[in-house]
Amino acid sequence: MQTSIMDEFGLSEQEIVEECRKAGGYRQKCVQSLGRDLGNDARDGDYSYVAGICSRLEQDLKESCIAGVAYALADYTWDGQYVFRFCSKFKGHDASYCYNISSNYLAFTLLNSPENLLDD
């Protein structure tokens with residue numbers, strides 16, 4: 001939740017990422033938290049903007065950012081309504097990563113059936 005406080009203090013997404021990079025062993029969790037915060041923007045329809053923020057990061061932090069957004073979007077509706085729209089903004093490995101973690105999260109954490117996921 002530290003990234004939410006950083007946002008409240010007026011730090012930009014890039015400034016928050018810079019602070020997360022200083023967090024040692026917690027840098028990935030910190031960026032995942034930023035992703036969670038960005039889930040609100042994605043839910044408001046700014047999927048490309050949010051995907052762009054994640055995409056500009058180095059691979060390990062990019063995946064943490066994607067995961068944070070994806071989990072937040074899946075938690076919001078317990079289906080793929082928002083999260084799969086977000087994943088569609090990526091290509092190649094990043095798209096596969098986003099769809100895989102989202103599908104697994106929905107199926108195994110939120111206990112949504114594969115049949116229901118296909119309907120979204």
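Please read all numbers here as calculations on a predicted model, not as lab measurements.

Visitor: Summarise the pattern of salt bridges; cite the residues concerned and give the values.
Guide: All told, the structure shown has 7 salt bridges when counted by the stated rule. For the salt bridge of Arg21 with Glu18, the shortest nitrogen-to-oxygen distance reads 2.4 Å. Taken together, the positions of Arg21 and Glu18, both in helix α2 (residues 13-21) and 3 residues apart, correspond to about one turn of that helix. Residue Arg21 is classed as partly exposed on the basis of its relative accessible area of 27%. Through salt bridges that share partners, Glu18, Arg21, Arg27, Glu58 and Asp60 make up one connected network.

Visitor: Describe the state of the cysteines, and please don't skip the residues or the numbers.
Guide: Under the definition given, this model contains 3 disulfides. Paired by a disulfide, Cys87 and Cys98 hold their sulfur atoms 2.1 Å apart. One disulfide, between Cys87 and Cys98, carries an S-S torsion of -75° and so falls in the left-handed class. Taken together, the residues span a long stretch of sequence, with Cys87 in helix α6 (residues 83-87) and Cys98 in helix α7 (residues 92-109) at a distance of 11 residues.

Reading the values: rules and limits
Residues numbered from 1 in each chain as written. Predicted model: local features only at pLDDT ≥ 70, side-chain atom pairs only at ≥ 80, totals over all residues. Heavy atoms only, no water. Salt bridge = Lys/Arg side-chain N within 4 Å of Asp/Glu carboxyl O. Helix = DSSP H or I, 4+ residues; strand = E, 2+ residues; numbered from the N terminus. Buried < 20%, exposed > 50% of the residue type's maximum accessible area, 1.4 Å probe, protein only. Disulfide = S-S within 2.5 Å.

Distances and angles like these do not, on their own, reveal function.
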